[in-house]
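For reference, the chains in residue letters:
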Amino acid sequence: MGIDLKLEPFEFEGLLNKRPLILAGPCSAESEEQVMETARQLKQYGIKIFRAGIWKPRTRPNSFEGVGSKGLTWLRHVKEELGMYTSTEVANVKHVYDALKAGVDILWLGARTTANPFAVQEIADALHGVDIPVMVKNPVNPDPELWIGALERLNNTGITKLAAIHRGFSIYGKSFYRNHPQWQIPIELKRRIPGLPIITDPSHICGNRELLFEISQKAMDLNFEGLIIETHIDPDNAWSDAQQQITPQVLNDLLNSLVLRSENVESAVLMTTLEELRGEIDKFDDQLMKILECRMSISRKIGEHKKQNNITILQTSRWDELLRRRIEEGERKGLGEEFIVKLFRAIHQESINHQTKVMNSKDVDLDSKIAYPTEIL
Ligand code: PEP
Ligand code: MN
């Protein structure tokens, strides 16, 4: 289902046409010198939009929570002295008023704010009648509806220059990423709101410097519109998010290394080859669907057998063994462990669902009801 938002082009002197749109600057404004020097260096590398957190939403108390409103004066200096656009996060009505008074050009809602409809509504109401671009970070939890809801609340009060920031999603436990990118969620957002620019935030997805390029390149390959990357003159000594920040020079190298591919396939030859390859993929997907259908019909038979013999659906040892073998096999076939685990978990869950249905049904003989796709057998 498409979402009907009234959107106006998110333009900064046509910056969006020269993709990608880049926002860069420190996680937090720390001092006037740090803000001005970072901005000066970024400007030298052609960056036009400066970001800096003034109020920082920290998970635990007693960590640095931002310099507060006095930092807005520094952002004003970046704007007036260097001619850059400025942006910051707002999380409540006071932040909105202070940021607007200081002439901040772009506001963004942080991930924790997007997850809270009361806070989003208050901010939206405070922005009634104000024509300012607003970027909405994805909520901390992987819920596209909450992300869309925040965009709708802002749009309903008249904010039309909207963009979404993809900063990844929290998960419990140790992970490769600080926030899991779950690319399918911003892709789904793009599908439902095609005119909405998506800016990826590799810094908060990665939580370290090493993966920034990979995530940025992936965002470009998905044809997302921009990147917001935390940049600091002295990253190791940053007061917040030190591990993920990079210097303006490293940012410049990263941006120069990005490969920007065109969405429009002009060459007919290219298009034909692409069509052929897509056709082959479709054929394999057809087979996959038939195999899954067949696999589930066997699961139902197993369910019937277990029901008759009164044994539980889940036998953990068999499941562990199956998964271990498939992970090993996947490795030999060049298929990542994470993918194999996710795939087999999903198949296994579906299989359990089919078995549960059988075990709770009154029918005994399922044989007559099972239709095996003949091509497979
Ligand atoms: C930030 O951009 O510094 C920030 C706090 O981000 P998030 O809301 O994505 O955690
Ligand atoms: Mn940060």
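Definitions and limits used
Residues numbered from 1 in each chain as written. Chains lettered and ligands numbered in written order. Predicted model: local features only at pLDDT ≥ 70, side-chain atom pairs only at ≥ 80, totals over all residues. Heavy atoms only, no water. Helix = DSSP H or I, 4+ residues; strand = E, 2+ residues; numbered from the N terminus. Buried < 20%, exposed > 50% of the residue type's maximum accessible area, 1.4 Å probe, protein only. Patch = residues over 30% accessible without salt bridge, like charges linked within 9 Å, V, L, I, M, F, W, Y side chains within 5 Å. Areas by Shrake-Rupley, 256 points an atom, 1.4 Å probe, with all protein chains shown as cover. Salt bridge = Lys/Arg side-chain N within 4 Å of Asp/Glu carboxyl O. Near = heavy atom within 4 Å. Polar contact = N/O pair within 3.5 Å; in protein donor to acceptor, adjacent residues only side chain to side chain. Nonpolar A, V, L, I, M, F, W, Y, C, P; charged D, E, K, R; others polar. pLDDT = per-residue confidence, 0-100. Contact = heavy atoms within 4.5 Å. Donors = N, O, S within 2.8 Å, 3.2 Å for Na, K, Ca; no water. Phe/Tyr/Trp six-rings, centres within 6.5 Å; stacked < 30°, edge-to-face > 60°. Expected span 1.5 Å × (residues − 1). Core = buried A, V, L, I, M, F, W, Y, C linked by side-chain atoms within 4.5 Å. Pairing = 2+ DSSP bridges. Right-handed = clockwise from strand over helix to strand, strands pointing away.

Trainee: Please give an account of unusual backbone geometry that cites residues and values.
Mentor: Excluding glycine, residues mostly have negative phi values, and the peptide bonds linking residues are mostly trans. Although it is not a glycine, Asn-223 sits at a positive phi angle of roughly 70°. Following the sequence through the fold, Asn-223 ends up in the loop between helix H9 (212-221) and strand E8 (226-230). With a phi close to 50°, Asp-241 is a non-glycine residue in the positive phi region. Mapping Asp-241 onto the fold places it in the loop between E8 and helix H10 (248-257). Looking at Asp-241, the relative accessible area reads 15%, which means it is buried.

Trainee: Which residues make up a nonpolar patch on the surface, and what values do they have?
Mentor: On the surface, a nonpolar cluster with roughly 240 Å² of combined accessible area is contributed by Leu-335, Phe-339 and Leu-343. Inspection of the secondary structure assignment puts Leu-335 in the loop between helix H12 (316-332) and helix H13 (337-359). A relative accessible area of 35% means that Leu-335 is categorised as partly exposed.

Trainee: Explain the site of ligand 1 residue by residue, including any values.
Mentor: Lining the immediate surroundings of ligand 1 are 13 residues, of which Arg-51, Lys-56, Ala-111, Lys-137 and Arg-167 lie closest. Within the side chain of Arg-112, a nitrogen or oxygen atom sits 2.9 Å from an oxygen atom of ligand 1. When ligand 1 is considered free in solution it has 300 Å² of accessible area, and contact with the protein chains removes 97% of it. Its residues placed into classes, the shell around ligand 1 shows four nonpolar, two polar and seven charged.

Trainee: Before we move on, can you summarise the confidence of the model for the chain with the specific residues and values?
Mentor: With 92% of its residues at a pLDDT of 70 or more, the chain shows a mean pLDDT of 90. Confidence drops under pLDDT 50 across residues 370-377; counting only partners more than four residues distant or on other chains, this segment forms 16 contacts.

Trainee: Can you explain the side chain of Gln-245? Please cite residues and give values.
Mentor: Within the secondary structure, Gln-245 sits in the loop between E8 and H10. Within polar-contact distance, the side chain of Gln-245 engages the backbone oxygen of Ser-240 at 2.9 Å.

Trainee: I'd love a proper account of the coordination of the manganese ion (ligand 2), names of residues and values included.
Mentor: Donor atoms from the polypeptide that bind the manganese ion (ligand 2) are Cys-27 (SG), His-204 (NE2), Glu-230 (OE) and Asp-241 (OD), placed at 2.1 to 2.4 Å. As a motif over one chain, the donors of the manganese ion (ligand 2) read C-x176-H-x25-E-x10-D. With Cys-27 in the loop between strand E1 (21-25) and helix H1 (32-44) and Asp-241 in the loop between E8 and H10, this pair connects stretches of sequence that are 214 residues apart. Both residues of the pair, Cys-27 and Asp-241, count as buried.

Trainee: Talk me through the packing of aromatic side chains; I want residue IDs and the actual numbers.
Mentor: Under the criterion given, the structure shown has four aromatic pairs. Note on Trp-147 and Phe-169: the rings are 6.5 Å apart at their centroids and 75° apart in plane angle, and the pair reads as edge-to-face. Of the two residues, Trp-147 sits in helix H6 (residues 144-156) while Phe-169 sits in the loop between strand E6 (162-166) and helix H7 (184-192), which places them 22 residues apart along the sequence. What makes Trp-147 buried here is its relative accessible area of 0%.

Trainee: Give a detailed account of H1, specifying residues and quantitative values.
Mentor: In this model H1 runs 18 Å from its N-terminal to its C-terminal C-alpha over 13 residues, within 8% of the 18 Å that 1.5 Å per residue would give. Looking only at H1, the buried set comprises Gln-34, Val-35, Met-36, Thr-38, Ala-39 and Leu-42. Looking at the packing, one finds that the buried side of H1 touches E1, strand E2 (49-51), helix H2 (70-82) and H10. With its phi angle positive at about 85°, Gly-46 sits one or two positions after the end of H1.

Trainee: Kindly report on the nonpolar core, identifying the contributing residues and their values.
Mentor: With 67 residues, the main nonpolar core has Phe-50, Leu-127, Val-134, Leu-151, Leu-154 and Leu-189 as its most contacted residues. Excluding anything up to four places from it in sequence, Leu-189 contacts Trp-147, Ile-148, Leu-151, Ala-164, Leu-196 and Ile-198. In this structure, Tyr-85, Ile-106, Ala-163 and Ile-165 belong to the second largest nonpolar core, which totals 14 residues.

Trainee: Help me get a handle on the pairing of strand E3 (residues 85-89), residues and values and all.
Mentor: Burial runs high along E3: five of the five residues are buried. Burial along E3 is two-sided: Tyr-85, Ser-87 and Glu-89 facing one way and Thr-86 and Thr-88 facing the other are all buried. Inspection of the sheet shows E2 paired to E3 by three bridges, in the parallel sense. Bridge pairing in E3 links Arg-51 to Ser-87. In terms of handedness, the path from E2 via H2 over to E3 forms a crossover that is right-handed. For E3 and strand E4 (residues 106-109), the ladder comprises three bridges, and the chain directions are parallel. Residue pairing across strands places Glu-89 opposite Trp-108, the latter belonging to E4. At this point the chain moves from E3, through helix H3 (residues 93-101), to the parallel E4, and the crossover so formed is right-handed.

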